[in-house]
Amino acid sequence: MKDKMNKIHNIDCLEFMKQVPDNYFDLVLTDPPYGIKMDGKVGIDGEGKAKEYDQKDWDKSIPDEEVFNEIKRISKNAIIFGGNYFVDYLNNSTCWLFWDKNNKESFFADGEMAWTNFNTAVRKYVFTWHGFIQQDMKDKEERFHPTQKPTELFKTILRDYAKKYNKKTVFDPFMGSGTTAVACKSLGLDWCGCELEKDYVDIANKRLEAVQGSLF
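Keep in mind that what you see is a predicted model, and the values were worked out from it rather than measured.

Cut-off values and rules
- Residues numbered from 1 in each chain as written.
- Predicted model: local features only at pLDDT ≥ 70, side-chain atom pairs only at ≥ 80, totals over all residues.
- Heavy atoms only, no water.
- Helix = DSSP H or I, 4+ residues; strand = E, 2+ residues; numbered from the N terminus.
- Buried < 20%, exposed > 50% of the residue type's maximum accessible area, 1.4 Å probe, protein only.
- Contact = heavy atoms within 4.5 Å.
- Core = buried A, V, L, I, M, F, W, Y, C linked by side-chain atoms within 4.5 Å.
- Phe/Tyr/Trp six-rings, centres within 6.5 Å; stacked < 30°, edge-to-face > 60°.

1. Some thoughts on the environment of K76
- The topology assignment puts K76 in strand 5 (residues 75-81).
- A residue is classified by how much of its surface remains accessible, and K76, at 44% relative accessible area, is partly exposed.
- Each C-alpha atom of the pair K76 and D22 lies 8.7 Å from the other, and the pair is 54 residues apart in sequence.
- Not counting chain neighbours up to four residues away, the residues in contact with K76 comprise N23, F25, D26, N117 and K167.

This is the structure we're talking about:
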């Protein structure tokens, strides 16, 4: 498995995970499809301009139960965004993460929930991500994916749950445009991921080229 680390693999994640030994990864951090047809959605590119994302049909339905079983098998801990969509496939947990998007008064969701199997309390992260309004308006993050998460949000979560709990290897089975990889590389963590859409693999690799790795 060492030769597969620090790479994004253009492969179905279930096929990949079946090759992984039990408890191999210290942490899974991922954002699977919610099954709410967000692919192809018209959104904002980060500079306030409308952007129509390519229709790729990856968000027709949620992943099968087997995918979640494999995630739990190959990892010591997991953080799965959209956990409220997958409750039939996940165990009860004391530790859910809530991302408050600071949307103010809006018809959009106030935030998103992430399931974890850490034995700690519920935690809230406040990070503005609403249309062209972002937490850091001076250094906006370009958006490449309709459900892209802020890199700084993932870096904060990794500091809290990778550094604090000595998690050194991270896996993301639904890498998308590469936010998990970018956050891990920025923090000096070993990582690995899968993404079925070749276009997103290419985008993620370009994002990674611009990252200067560092310590926590």
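2. Here we look at the nonpolar core
- In this structure, I79, F81, L158 and F171 are the most contacted members of the largest nonpolar core, which totals 55 residues.
- Broken down by element, the residue count for this core peaks at 6 residues, all from helix 3 (residues 151-163).

3. What about the packing of aromatic side chains?
- One pass over the full model with this rule turns up 12 aromatic pairs.
- For the pair Y34 and F86, a centre-to-centre distance of 6.2 Å together with 70 degrees between the ring planes defines the contact as edge-to-face. Remark: F86 occurs in the loop between strand 5 and strand 6 (96-100) and Y34 occurs in the loop between strand 2 (25-30) and strand 3 (42-44); sequence separation between them is 52 residues. The residues Y34 and F86 share a single accessibility class, namely buried.

Keep in mind these values describe shape, not function.
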